Structure formats: C-alpha cells, structure tokens
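# Coordinates in review
Spelled out, the chains give:
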Amino acid sequence: MSDKLVIGLPSKGRLQENANAFFARAGLKVRQDGGRGYTGRLDGIANVEIAFLSASEIAGQLEQGQIHLGVTGEDLIREKLAAPERDVDLLLPLGFGHADVVVAVPQSWIDVSTMADLDDVALAFHTKRGRRLRVATKYFNLTRRFFAEHGLTGYRIVESLGATEGAPAAGTAEVIVDITSTGATLAANNLKILDDGTILKSQANLVASLRAEWSGKALAAVGEILDRSSAQARAAKTVEVRFASSEGDAALIGEIANRFGVTLPFGNGAGGPVRIAHCPEAHLYDLVAYLYANGRDTVTASRADYVFEARNPLRERLLQKLNVKG
C-alpha cells in the first residue's frame, strides 16, 4: 500500500450518490478517473486515492487492510468480518442506506410472534415432520449468532440465491432472515416480522481499517476528513445567534445555557456590543422569545458552513485504536 490514504467507496447506485454527497457536504468533491473509472480522488485534500468497489468488497478489503477507510453497511461488516471489533472501527453512522436485518415468518402463523414462539414451532416441526425448520437467508453469521442468543437450535440454514422473501411461497423454506427498509416487500409476500426479530438496525457507516498500514500522510488526510465532516455535522445542528451585550449579562448567559443548551464559543466576556451564541436549532425560537422578554429587541440568526473545534473525539478515538499519539 502507498503512503496515500485509500478510501473504498460504493461503485454505483444510491449508496454511491449518498457517499459522494457526504463528502461534498464536507467540502470534498469525489472525482472518478476517466469519468466512470474504478479509481478516483478527493478534490480539496491531498494524498487521497479512491477505489470504487461493491459494498461487500469494501467490507472485505477493510478487514484485510487493503484500504484505510470505506463507506459500507453495518450489516455487511457484522456479517462478513470474523472479528469486526478487532479489525475495524465504525467511525460514523452516515444517515443513509438504512436497512434492518429481521426474522420473518408467514402471516398465517397467527400464534407465532416472538423468537420463543418460533423455538416452539421448530421443536413441533421436527417432531411431526422429522426434519428441521428451514431458514432462507444470505446472512449466515448474523442468523446463527442471533438464533443462538435466543437458544434456538432446531433449524437449518438454506442459502438464498435470489429474492429471499419468496422462499416460503416457493416451498424452499419456512422462515427467512433478510433486510428490509419499510417492511412493504415482506407484507406483499404475506410475511411478518417477529416482535423481537430485529437482528440489526443497519445503515451506511464510515469505517476505518485497524489492519491497514497507516503512514503519516494517511493519518493527516483522515484527520482532515474527520475534522471537516464533524465541523459540517456540528454546523448543521447549530444556529449562530447574535444579540446586544450589556453590563451584568452573567445571569442571562447562565440561564440561556441551562434552558436552551446555548454555548458562547468566543467566551463569556462582553468583549464588545454584540454577543455571539451557538444555539441548537430545536431551541432557536424559544431562545429568541426569551431574549425579547429580557430586553434584547433585535436578535439575528444565521448558519455557519462549519463549526470547528480543536478537539475531535472521532479522530482521537481512531488514533487511540491505532496506538498512535495525536
């Protein structure tokens, strides 16, 4: 591996679009070599190389240390990697690619609503038919771990090579473990999710490999990416509020901090005729009303593109896991 930071990004579809948008919000544009090539770069940051891969390949290459960072689903990390806690760090959930890994059974099984009920069915099924309950899935490892946690052993996994939700209707399995976003496809196939049958609530994550060789340049590049993305995320949830300063503001400042979660990023001292405060967006209008009631007749509010802070917990955590001093 070169001393560049190598990032694995999805090569197509909505995952690629959303991953590109994530970097764009941090001021980093993803460029593909040759327009539709399998390599690329990030405009705005040096020493970065992009490899465009499938989401499954990204998980595997993170485990092997062939790439430093990747955007892929947590479901693939938990399914494909033998020891995810040892080999990768799920740095940041990205808010897209949502999909729950669930256990679903036919809606006609009216007395089956929990994993305990399913265990009873599995025992009865074996007694009456002399064979184990069949579970169709692509998620072998997640299924085995989850079923073991619930003490369910009377089943066998049937590998799903096509549309998993169609297996019960086709007669190739009685139960399925699959991903779903809304549950609509399961319902359309006359299936229902068990009440306690959600194995994993997955979404796309920014994932770091703990097995890759991290050069000084790679660490510097990932630090800048994490600083930019954290600053953008912080700014997206914050409104910068300005109001007139006056003598004896200490009590007012303490009150708005306690009531509305307001911070003063440039200190509590008056320091001029205007105070600048950062307010969580959800509390903006309550804060403005409170300031009006306390004699501040004019209040302005605006958004920042980024709110940087010297301490970045994401960067610090990654350096700690890599045993690197910041």
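Above this text sits the structure in question.
Figured I'd write up the structure that's included with this text.

Here is what the cut-offs are and how they apply
- Residues numbered from 1 in each chain as written.
- Predicted model: local features only at pLDDT ≥ 70, side-chain atom pairs only at ≥ 80, totals over all residues.
- Heavy atoms only, no water.
- Core = buried A, V, L, I, M, F, W, Y, C linked by side-chain atoms within 4.5 Å.
- Buried < 20%, exposed > 50% of the residue type's maximum accessible area, 1.4 Å probe, protein only.
- Helix = DSSP H or I, 4+ residues; strand = E, 2+ residues; numbered from the N terminus.
- Contact = heavy atoms within 4.5 Å.
- Phe/Tyr/Trp six-rings, centres within 6.5 Å; stacked < 30°, edge-to-face > 60°.
- Arc of directions from axis to C-beta.
- Pairing = 2+ DSSP bridges.
- Axes fitted to C-alpha atoms, helices over the stretch in contact; angles between N-to-C directions.
- Lys, Arg positive; Asp, Glu negative; His and termini not counted.
- Salt bridge = Lys/Arg side-chain N within 4 Å of Asp/Glu carboxyl O.
- Polar contact = N/O pair within 3.5 Å; in protein donor to acceptor, adjacent residues only side chain to side chain.
- Parallel < 35°, antiparallel > 145°, perpendicular 65-115°, else oblique.
- Left-handed = near helix turned anticlockwise from the far one by under 90°.
- Nonpolar A, V, L, I, M, F, W, Y, C, P; charged D, E, K, R; others polar.

This next bit is on the nonpolar core. Ranked by size, the top nonpolar core spans 35 residues in total, and within it Leu5, Ile7, Phe23, Leu42 and Trp214 carry the most contacts. If you list the elements that add at least two residues to this core, you get strand 1 (5–10), helix 1 (13–25), strand 4 (48–53), strand 5 (69–73), strand 12 (204–209), helix 9 (216–236) and helix 12 (313–321). Of all the elements, helix 9 adds the most residues to this core, at 6 residues. Once you skip the residues sitting within four places of it in the chain, Leu5 turns out to touch Asn47, Val48, Glu49, His68, Leu69, Trp214, Ala218, Ala221, Val222 and Ile225. One finds Val103, Tyr139, Tyr155 and Leu194 within the second-largest nonpolar core, a separate group that totals 22 residues.

The next thing to look at is the packing of aromatic side chains. The full count for this structure, using the stated rule, is 4 aromatic pairs. Between Phe22 and Phe23 the ring centres are 5.0 Å apart and the planes differ by 70°, which places this aromatic pair in the edge-to-face class. Here Phe22 matches Phe23 in class, with each residue buried.

Turning our attention to helix 10 (residues 250–260). Buried within helix 10 are the following residues: Leu252, Ile253, Ile256 and Phe260. For helix 10, the angular spread of the buried residues around the axis is 100°, confining them to a single face. Away from the buried face of helix 10 by more than 90 degrees, exposed residues Ala250, Ala251 and Asn258 are located. Lining the buried residues of helix 10 we find strand 13 (238–244), strand 14 (274–280) and helix 11 (284–293).

Read across the open sheet, the 7 strands follow the order 2-3-4-1-5-12-6; overall the sheet is mixed. Strands with a single pairing partner mark the edges of an open sheet, and in this sheet they are strand 2 (29–32) and strand 6 (88–93). For this sheet the average axis-to-axis angle between neighbouring strands, irrespective of direction, equals 35°. In the packing of helix 1 onto the sheet, the strands contacted are strand 1, strand 2, strand 3 (39–43), strand 4, strand 5, strand 6 and strand 12, and the crossing angle to strand 1 comes to about 135°.

Within the secondary structure, Asp178 is located in strand 10 (residues 175–180). Within the buried core, Asp178 has no salt-bridge partner, and the shortest N-O distance to an opposite charge, that of Lys138, equals 5.1 Å. Those residues within four positions of Asp178 in sequence are excluded, and the remaining contacts are Asp100, Val101, Val102, Tyr139, Thr164 and Glu165.

As summarised here, the arrangement of the 5 strands in space is 9-8-10-7-11, forming an open sheet in which the pairing is mixed. Sheet topology places strand 9 (155–159) and strand 11 (191–202) at the edges, where each strand pairs with a single neighbour. Adjacent strand axes in the sheet meet at a mean angle of 25° when their direction is disregarded. In this fold helix 5 (residues 115–129) packs onto strand 7 (99–106), strand 8 (133–137), strand 10 and strand 11, with an angle of close to 125° to the strand it touches most, strand 8. The strands touched by helix 6 (residues 140–149) within the sheet are strand 7, strand 8, strand 9, strand 10 and strand 11, with strand 9 carrying the most contacts at an inclination of about 165°.

In this fold, Ser160 is placed in the loop between strand 9 and helix 7 (167–170). The exposure class assigned to Ser160 is buried, which follows from its relative accessible area of 10%. A polar contact is formed between the side chain of Ser160 and the backbone oxygen of Gly162, at a distance of 3.5 Å. Aside from chain neighbours lying at most four places away, what touches Ser160 is Ala136, Thr137 and Lys138.

Now for the packing of helix 10 against helix 11. The contact between helix 10 and helix 11 brings their axes to 11 Å, and the two run at 155°. Relative to helix 11, the element helix 10 lies roughly antiparallel. Crossing geometry of helix 10 relative to helix 11 is assigned as right-handed. Here Leu252, Glu255, Ile256, Arg259 and Phe260 of helix 10 come into contact with helix 11, specifically with Asp286, Leu287, Tyr290 and Leu291. Residue composition of the contact of helix 10 with helix 11, grouped by class: 6 nonpolar, no polar and 3 charged.

Interhelical geometry of helix 9 versus helix 12 gives an angle of 150° and a closest axis separation of 8 Å. Judged by the angle between their axes, helix 9 and helix 12 are roughly antiparallel. Contacts between helix 9 and helix 12 involve Leu219, Val222, Gly223, Leu226, Asp227 and Ser230 on the former and, on the latter, Leu314, Arg315, Leu318 and Leu319. Among the residues making up the contact of helix 9 with helix 12, the classes are represented as 6 nonpolar, 2 polar and 2 charged.

This part covers the pattern of salt bridges. Once their charged atoms are close, side chains differing in charge can pair, the charge on each being opposite to the other. This structure, assessed with the given rule, holds 23 salt bridges. In this structure, the salt-bridge partner of Arg211 is Asp87, at a minimum N-O distance of 3.4 Å. With Arg211 in the loop between strand 12 and helix 9 and Asp87 in helix 4 (residues 84–87), this pair connects stretches of sequence that are 124 residues apart. The class of Asp87 is buried, set by a relative accessible area of 1%. The salt bridge involving Asp249 is made with Arg296; its shortest N-O contact spans 2.3 Å.

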